[in-house]
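# Observations on chain architecture
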Amino acid sequence: GCSALIDIGGASMQIAEAKSKVSYPIGCVRGKDIALQNSGKTDCDDDFETQRTAINRYMDEIIGTPNRRLGKCAGIGGTKTALSLGMREYDRDEIGKAVLNKSEVERLIVALSTMGKERKLNPLLKERHDIIMYGAAVLAHAMELFGIEEVHARDRDGLDGYMQYVTEHLL
């Protein structure tokens, strides 16, 4: 089973475990702001590796070194959903089966970078074409910091996702 729940939103990232829930001020929109401010770049297609370094530094500062490894986690939120589908069309059944490990997230970051302006044309990315790479960068570094080996996608958000997790794994 999964030991925790990770939710990457626009402004924050929550990690919920059986006895604790922590919110960090980093999400895909805030990640974009931090990356652009600290790298002097103009958008996600402008030297994204330098921008990732800025995100990683910020996350290291606000999170520090967690004293635990989470292993397998359930993941909810729009960033996670879009990444889980590998940028294909939305399919509720596919989301429930999706599992991402760190190398898969890295592969998706490269794929998103390569798409360039075509991200806007992808129906799944249309709404998040300019922030999805930042969400992916946040997820990748969170996996590193918290020792997350796999993120199992859930097609719920917020309390729905948490309740599904609790009923499946804790009750």
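Residues numbered from 1 in each chain as written. Predicted model: local features only at pLDDT ≥ 70, side-chain atom pairs only at ≥ 80, totals over all residues. Heavy atoms only, no water.

### Some details on the overall build of the protein chain
Along the backbone of the protein chain there are 7 helices and 6 strands. For the protein chain, the succession of helices and strands along the chain, N to C, is β-β-β-α-α-β-α-α-β-α-α-β-α. Here the protein chain holds 171 residues, and 49% of them are scored as buried. Once local pairs closer than 6 in sequence are excluded, the contacts in the protein chain between residues at least 24 apart make up 69%. About 8,400 Å² of surface is accessible on the protein chain, with carbon and sulfur atoms providing 48% of the total. (Helix = DSSP H or I, 4+ residues; strand = E, 2+ residues; numbered from the N terminus. Buried < 20%, exposed > 50% of the residue type's maximum accessible area, 1.4 Å probe, protein only. Contact = heavy atoms within 4.5 Å. Areas by Shrake-Rupley, 256 points an atom, 1.4 Å probe, with all protein chains shown as cover.)

### Considering helix 5 (residues 102-115)
With 14 residues, helix 5 should reach 20 Å at 1.5 Å per residue; the first-to-last C-alpha distance of 20 Å fits that figure. The first or second residue beyond helix 5 is Gly116, which carries a positive phi of 55°. (Expected span 1.5 Å × (residues − 1).)

### Here we look at the environment of Leu112
One can find Leu112 in helix 5. Its relative accessible area of 0% is what places Leu112 among the buried residues. In sequence terms Leu112 and Leu125 are 13 residues apart; their C-alpha atoms lie 9.9 Å from each other.

### Let's talk about the nonpolar core
Of all hydrophobic cores here, the largest spans 37 residues; its most connected members are Ile6, Met13, Met59, Leu139, Phe146 and Ile148. Breaking this core down by element, the ones donating at least two residues are strand 1 (4-8), strand 2 (13-16), helix 1 (28-39), helix 2 (48-63), helix 5, helix 6 (132-145) and strand 6 (148-153). Ignoring sequence-local partners within four residues, the contact set of Met13 consists of Ile6, Asp7, Ile8, Val22, Ser23, Tyr24, Ile26, Met59, Ile63, Val138, Ala142 and Phe146. (Core = buried A, V, L, I, M, F, W, Y, C linked by side-chain atoms within 4.5 Å.)

### A closer look at the sheet that holds strand 5 (residues 99-101)
Hydrogen bonding along the main chain pairs the strands of a sheet, whether they run parallel or antiparallel. Pairing within the open sheet is mixed, and its 6 strands lie in the order 3-2-1-4-6-5. Whereas interior strands pair on both sides, the edge strands pair on one side only; in this sheet they are strand 3 (21-24) and strand 5. The average angle at which neighbouring strand axes cross in this sheet is 25°, direction not considered. Pairing of strand 1 with strand 4 (residues 71-76), which is carried by 4 bridges, proceeds in the parallel orientation. Within strand 4, the position partnered with Leu5 by the bridge is Ala74. (Pairing = 2+ DSSP bridges. Axes fitted to C-alpha atoms, helices over the stretch in contact; angles between N-to-C directions.)

### Considerations on the pairing of strand 4
Counting buried positions along strand 4 yields 5 of 6 residues, so the element is predominantly enclosed. In the sheet, strand 4 pairs with strand 6 via 5 bridges, with the strands oriented parallel. Counterpart to Lys72 in the pairing with strand 6 is Glu150.

### Observations regarding the pattern of salt bridges
Two side chains carrying opposite charge are able to pair once their charged atoms lie near each other. The final tally for this structure, using the stated rule, is 11 salt bridges. One salt bridge connects Arg52 with Glu49, and the closest N-O pair in it is separated by 3.9 Å. Placement of both Arg52 and Glu49 in helix 2 is noted, with a separation of 3 residues, approximately one turn of the helix. Accessibility expressed as a relative area gives 9% for Arg52, which makes it buried. Here Arg107 ties to Glu104 by a salt bridge, and the two come within 3.0 Å at their closest N and O atoms. Taken together, the residues span about one helical turn, with Arg107 and Glu104 both in helix 5 at a distance of 3 residues. Each of Glu49, Arg52, Lys102, Glu106 and Glu144 takes part in one network of salt bridges that share partners. (Salt bridge = Lys/Arg side-chain N within 4 Å of Asp/Glu carboxyl O.)

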